[in-house]
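Each chain, written out:
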Amino acid sequence: MPRIEPLTPPYPDSVDRALRRWMPPGVPHEPLILFRVLHRNPELASRMFALGAGLLGHGLLPDIDREIVIARVTARTGCAYEWGVHAAVLAQQAGLSPEQLRATTDMDTTVTGAWPPRHAALIDAIDELHDTARLSESAWGALREHYEDAQLLEFLVLAGWYRTISYLANGLLLEEENWGVPFSAR
């Protein structure tokens, strides 16, 4: 049971409109548990929507790179909730295979050898950020081989954003969405 109960229908009109904005058109699921909990504080939810939607819908990173970042950050933080939501829909749409998704949960440091150099650089950088909140010159240099300055800024914000989302979901004890991909860290 989540520490803060998600809103349930019928929603007030303003919340209903906001929740529909948060969900892609035609999605056959109720609004995400996370969104329904966040709307216990509509002002905070509104501020969060702007950044989250911007990162997902208007980013400069290729979609597959964005989803690798999200999957690895949420795997490193043990956030089964958010990892499962992205694995079920957005990661597959971006082109990540089931094997690649599972590999994002593998904490063996040699796992990056199985990825193309650009993706290995992302995973190594995420792991460094997770462990130290810093990037070494070698990690930064590996990223610079593949990304422009604007993309590097976006990478750092994206990684930090999904760490924040992981804190929310883990801190609230959110249960995995019943349609999400089950998470099992290796």
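Preceding this paragraph is the structure being described.
Not measured: the values here are computed from a predicted model.

Caption draft 1: Molecular detail of the nonpolar core. Counting 40 residues, the largest nonpolar core has Val 69, Tyr 81, Leu 143, Phe 155 and Leu 174 as its most contacted members. Contributions of two or more residues to this core are made by helix H1 (13-22), helix H2 (33-38), helix H3 (42-57), helix H4 (63-76), helix H5 (80-88), helix H8 (117-132) and helix H10 (149-171). When residues of this core are assigned to their parent elements, the largest contribution, eight residues, is made by H10. Not counting the four nearest positions on each side in its chain, Val 69 is found in contact with Leu 122, Ile 126, Phe 155, Leu 158 and Ala 159.

Caption draft 2: Just the pattern of salt bridges, in detail. Considering all chains together, one arrives at ten salt bridges under this definition. The residue Glu 43 makes a salt bridge to Arg 47 at a minimum N-O spacing of 3.9 Å. Here Glu 43 and its partner Arg 47 are both found in helix H3, four residues apart, which amounts to about one turn of the helix. Owing to a relative accessible area of 55%, Arg 47 belongs among the exposed residues under this scheme. As a salt-bridge pair, Asp 63 and Arg 66 come within 3.2 Å of each other at their nearest N and O atoms. Within this pair, Asp 63 and its partner Arg 66 are both found in helix H4, separated by three residues, close to a single helical turn. On the basis of relative accessibility, which here comes to 44%, the residue Asp 63 falls in the partly exposed class. Members of the salt-bridge network, linked through shared partners, are Arg 72, Arg 76, Asp 127 and Asp 131.

Caption draft 3: Up close: the packing of aromatic side chains. With the rule as written, the count across this model stands at three aromatic pairs. Ring geometry for Trp 22 against Phe 49: centres 5.4 Å apart, planes inclined by 40°, an arrangement best described as tilted. Separated by 27 residues along the polypeptide, Trp 22 in helix H1 and Phe 49 in helix H3 bring together distant segments of the chain. Comparing Trp 22 with Phe 49 shows no difference in burial state: the two are buried. Through a chain of ring-to-ring contacts, three or more aromatic side chains come together here, namely Trp 22, Phe 35 and Phe 49.

Caption draft 4: Highlighting the packing of H4 against H8. With their axes 10 Å apart at the nearest point, H4 and H8 run at an angle of 35° to one another. The handedness of the crossing between H4 and H8 is right-handed. Between H4 and H8, the contacting residues are Ile 64, Asp 65, Ile 68, Val 69, Arg 72, Val 73 and Arg 76 on the first element and Arg 118, His 119, Leu 122, Ile 123, Ile 126, Asp 127, His 130 and Asp 131 on the second. By residue class, the composition of the contact of H4 with H8 is seven nonpolar, two polar and six charged.

Cut-offs applied
Residues numbered from 1 in each chain as written. Predicted model: local features only at pLDDT ≥ 70, side-chain atom pairs only at ≥ 80, totals over all residues. Heavy atoms only, no water. Core = buried A, V, L, I, M, F, W, Y, C linked by side-chain atoms within 4.5 Å. Buried < 20%, exposed > 50% of the residue type's maximum accessible area, 1.4 Å probe, protein only. Helix = DSSP H or I, 4+ residues; strand = E, 2+ residues; numbered from the N terminus. Contact = heavy atoms within 4.5 Å. Salt bridge = Lys/Arg side-chain N within 4 Å of Asp/Glu carboxyl O. Phe/Tyr/Trp six-rings, centres within 6.5 Å; stacked < 30°, edge-to-face > 60°. Axes fitted to C-alpha atoms, helices over the stretch in contact; angles between N-to-C directions. Left-handed = near helix turned anticlockwise from the far one by under 90°. Nonpolar A, V, L, I, M, F, W, Y, C, P; charged D, E, K, R; others polar.

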